[in-house]
Each structure stands twice: as C-alpha cells, then as structure tokens.
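Residues per chain, in single letters:
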2 protein chains.
Amino acid sequence: MALEHAILVSLLEQPGSGYELARRFDRSIGYFWTATHQQIYRVLRRMERDGWVEVRDVAQDGRPDKKVYSVAPPGRGALSDWLAEPVEPESVRHSLAVKVRGAAFGDPAGLIAETERHRAVHAERLARYLAGEQRDFPESAELDAGAQLQHVVLRGGIAYERMTLDWLDDVLATLRRLGGAHPDPH
Amino acid sequence: MALEHAILVSLLEQPGSGYELARRFDRSIGYFWTATHQQIYRVLRRMERDGWVEVRDVAQDGRPDKKVYSVAPPGRGALSDWLAEPVEPESVRHSLAVKVRGAAFGDPAGLIAETERHRAVHAERLARYLAGEQRDFPESAELDAGAQLQHVVLRGGIAYERMTLDWLDDVLATLRRLGGAHPDPH
DNA sequence: CTTGCCTATGCAACGAGTTGCATAGCAGGA
DNA sequence: TCCTGCTATGCAACTCGTTGCATAGGCAAG
C-alpha cells in the first residue's frame, strides 16, 4: 500500500489538511498516485491513531476550520522503512485497451469518438504538466536534491502522457482503417 | 469495472477455463489488464449466474477436470452495451515514483538497486512483447480486423515498456548524480 | 520415496477503493 | 432570492482486489 506513504511524502514536502492533500492528489501528485478525499481522510485518521502524523486545528475566517497534519518522527521512520523494502513493479490497467480488443466483436467505428475523448483528456494533462515544468523547474536554475527528484517524477508523467497520445493516434488510425467494415457481424 | 469485460473479450477470442484465463492474464492480456485466479473464478461464477457465459465440464487424462467457459448471447450483449458507454481515462499508480519523491527525505542512493530491479522486470516484459509481436504479427501478413486490433493493443504495451525503461534510466541517472550527498539528514 | 512443481478449483478473511449522501458556512451570479 | 459552487470533514454501504490456505492428482528430479 502506497497511499499512506504518498501522504507522508506530501506532508513532508508541505504540511496540510486532508482537503489540501486531496487537491494535491488531483494535481501535482496525480501523475503518479491518485486518491479520493474519502480515502485520504480515512487513512489520515489511521495514521494519526498510529502516531505517524500530528494534527493541529486551524481556525480560518470566511472558511470552515481545518485540521493541518504534519509528519511525526514515527511516520518518518515508517517512510524510511518502506523506502528500503522492495515493491512489486506496477501492472497496467487500461480499460480502453480492453475496449479496443473488444471492438473486434462489436463496432470499431463506434470507438472512435471515445478514443478521441481520451486523447483530449491526455492532451490536457500533458499541457498542464508542461506548464508546471516551466513554472517550477526553469532550465537555468540550480535545483536541490528534493527538486531534482520532483522533476524526474514529473518527467515521468510527461513521458507517460506523450506515449499515451502517440498510442491513441495509432489506435485512431487503426480504427479508421477498419471503419465501415464490420467484422464478425452476428 | 472492466474485468468481466476483459474476460468476455478473452472468451470470445477463445473459450477456456478459469485456469487458462488466469494464464492469459499473466501473458497476452497482462499488458492491458491484470487479475489473479481468485478474481477470475469469482467473476466467472457471477457471470454464469447472470447467464453471460456457459460452462461445459471437460474431463482430461493425466490432469484434473476443467470447466470450459464460453460466451452466451446475453454476455455478448453486455459487452456491446459496455463498448458503447464512456469509461474514465485511467489514472496512474506508480509506487516507485512515490519512492523517488520520498527519497528526498531518506537515502537516494539506496533506491538505485530497487530501480535497477524494476528496470530488469520491464526489460524482460519488453523482450517478451517483442517476441510475441514477431511471432503473431509478421510484417508481410494480411491481418483481419481482430488481429489488427490485437496488434495495436500490443504496440501500446511495447510503447509503455519502452517509455518506462527510458524513464527508469532517467531516474537512475538522477539518483547517481545525487549519490553520496544525503540531503536533509535529520 | 519424498520433495517440489504444475494443473485445476475453491473458501474465508481482510484491506483497498468507490459511491452516495450529509453537514455547514460563505461567495458570487442570475 | 435562489441556485450554484467552493472549502472542509465525515458516515455508511458496497464492490474490488489481495493473501493465505485447502484439496487433489500427476509428473519429474534427486
């Protein structure tokens, strides 16, 4: 399970509330881990119970109060332990690929719009990552170790989105080539 | 949920037992969807209960009997329905990336061996996919629609592994650049 | 002949992740 | 004024996915 460790990393980079963490998971952290606010709140409570994090109630004006979490020493130890353990290389789950292969038994042309929709989402993500890269990692800057590590992870997100866009173009070309010809119509 | 649909696609391409499906999910289907035999058996029973698939008991000699599943018309209908529905673009979950970013608060050099291990796994997968491509999709062949769709999905798996290898090299270079310098030692 | 591996299916328990809903104050636009 | 949307946290119920274990016959190596 990496969610609790992703939260530890994020809180070490910058303490914050569950809500703020949820937004980070929608943005900067989203290119290597995702989570909903429900998961985050639940895991934060468990981590607090286990002494991994500490809470501080913060009153705000014009907004609801929030609970700001920061990492306690046992949490830091748990992260170090986990860093030293091996983890399984991830396996892919791509339901669009299931659909593409399933299109052999349905309507290939009908998948074109869906594929284009996915392409638009990935193009938007790529644009967002590239903008973030320009903003946070200007070419001339001297980066400390933390920033260099953040940057190499972001480069991974960028590479993933570029690769995905190229593949979706390949899928679109294939579907269009097959368009009109309905194979295996039963 | 795409597991049941992935099973439908696989059974339409070729009927088989739960055990055989599990092996396909370890091999050809593994580059776009994964599942353990537990999940597969459970989902197969549900699909049978719902009339999506039909079972036939097959006695074998020298081996345990098996139950061979094939897709029934309602299953085919369910697949068509699902193909017409939009699905959410997948989100990534890459725990190695969590570790890389976490290395800022631990030992970057200690991650090198782990990263190399991941690299070896992905290199092996790429080699396997490329061998499968040469075997199943020779350049000169005329491919029918189903084979073309299988091929484009395989190209996606190949592109993913190549991209991942490149990124892991990038990560290794970054970790080695930081090697020795322990940032933020608390 | 025993140990380990492969085929083949399955139960039980647990942990991870999703979905729908609830609350509650404030801000801004129609 | 009402409706929508944002901040902020949370409960309850459910499904998905993993892990450990069990059974059971056959095969091959040591």
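Please read these numbers as outputs of a predicted model, since none were measured by experiment. (Residues numbered from 1 in each chain as written. Chains lettered and ligands numbered in written order. Predicted model: local features only at pLDDT ≥ 70, side-chain atom pairs only at ≥ 80, totals over all residues. Heavy atoms only, no water.)

1. Some details on helix α1 (residues 3-13) of chain A
And step 1. Taking burial as the measure, the eleven residues of α1 of chain A include ten buried ones, the bulk of the element.
And step 2. If you check which residues of α1 of chain A are buried, you get Leu 3, Glu 4, His 5, Ala 6, Ile 7, Leu 8, Val 9, Ser 10, Leu 11 and Leu 12 of chain A. (Buried < 20%, exposed > 50% of the residue type's maximum accessible area, 1.4 Å probe, protein only. Helix = DSSP H or I, 4+ residues; strand = E, 2+ residues; numbered from the N terminus.)

2. Remarks on the relation of the copies chain B and chain A
And step 1. Superposing chain B onto chain A requires a rotation of 180 degrees together with a translation of 0.0 Å along the rotation axis, leaving an RMSD of 0.0 Å. Put plainly, the chains are arranged around a two-fold axis. Across chain B, the rotation axis passes nearest the C-alpha of Met 163 of chain B, at a separation of 3.5 Å.
And step 2. Most of the interface of chain B is mirrored in chain A, where 100% of its interface residues again form contacts. (Least-squares fit on C-alpha atoms with pLDDT ≥ 70 in both. Contact = heavy atoms within 4.5 Å.)

3. Points about the packing of helix α1 (residues 3-13) of chain B against helix α4 (residues 73-84) of chain B
Residue and element names in this part refer to chain B.
And step 1. Orientation of α1 relative to α4, taken along the N-to-C sense of each, is 125 degrees, at an axis distance of 10 Å. Looking at the two axes, α1 sits oblique to α4. Here the hand of the crossing between α1 and α4 comes out left-handed. When α1 is examined against α4, the residues His 5, Leu 8, Val 9 and Leu 12 are found in contact with a partner set consisting of Gly 75, Arg 76, Ala 78, Leu 79 and Trp 82.
And step 2. Among the residues forming the contact of α1 with α4, the class breakdown is six nonpolar, two polar and one charged. (Axes fitted to C-alpha atoms, helices over the stretch in contact; angles between N-to-C directions. Parallel < 35°, antiparallel > 145°, perpendicular 65-115°, else oblique. Left-handed = near helix turned anticlockwise from the far one by under 90°. Nonpolar A, V, L, I, M, F, W, Y, C, P; charged D, E, K, R; others polar.)

4. So, the interface of chain B and chain A
And step 1. The interface of chain B with chain A comprises 68 residues on the first partner and 68 residues on the second.
And step 2. Note on chain B versus chain A: buried area summed over both sides is about 6,600 Å², and carbon and sulfur give 65% of it.
And step 3. Our count for the contact surface shared by chain B and chain A stands at four salt bridges.
And step 4. A salt bridge links Arg 101 of chain A to Glu 13 of chain B; the shortest N-O distance between them is 2.9 Å.
And step 5. Along the contact surface separating chain B from chain A lie 30 residue pairs in polar contact (both at pLDDT 80 or more).
And step 6. Put simply, the parts of the chain that give the side of chain B that touches chain A at least two residues each are α1, α4, α5 (95-102), α6 (111-136) and α7 (145-178) of chain B.
And step 7. Top element by residues in the side of chain B that touches chain A is α7 of chain B. It accounts for 19 residues.
And step 8. For the side of chain B that touches chain A, the residue count by class is 36 nonpolar, 17 polar and 15 charged. (Buried area = accessible area lost by both parts, 1.4 Å probe. Salt bridge = Lys/Arg side-chain N within 4 Å of Asp/Glu carboxyl O. Polar contact = N/O pair within 3.5 Å; in protein donor to acceptor, adjacent residues only side chain to side chain.)

5. Digging into the UniProt feature "domain: Transcription regulator PadR C-terminal" (unreviewed entry) in chain A
And step 1. Within this numbering scheme, the UniProt entry marks residues 92-176 of chain A as carrying the feature "domain: Transcription regulator PadR C-terminal" (unreviewed entry).
And step 2. Across residues 92-176 of chain A, helical content stands at 78% and strand content at 0%; the span's end C-alpha atoms are separated by 26 Å. (UniProt positions renumbered as here; feature names shortened; annotations may be inferred.)

6. What about helix α7 (residues 145-178) of chain A?
And step 1. Its 34 residues give α7 of chain A an end-to-end C-alpha distance of 50 Å, which sits within 8% of 50 Å, the value for a rise of 1.5 Å per residue.
And step 2. Burial analysis of α7 of chain A places 24 of its 34 residues in the buried class, the great majority of the element. (Expected span 1.5 Å × (residues − 1).)

7. With respect to the protein's contact with DNA strand C
And step 1. Taken together, 23 residues form the shell around DNA strand C, and within it Arg 42 of chain A together with Gln 38, Arg 45, Gln 60 and Lys 67 of chain B come nearest.
And step 2. A share of 62% of the atoms of DNA strand C within 4 Å of the protein falls on sugar and phosphate groups.
And step 3. Take Gln 60 of chain B: an N or O atom from its side chain is 2.4 Å from a phosphate oxygen of DNA strand C.
And step 4. Breaking the surface near DNA strand C down by element, the ones donating at least two residues are α3 (37-49) of chain A together with α2 (18-26), α3 (37-49) and β2 (66-71) of chain B.
And step 5. In terms of residue count, α3 of chain B provides more of the surface near DNA strand C than any other element does, five residues in total. (Near = heavy atom within 4 Å.)

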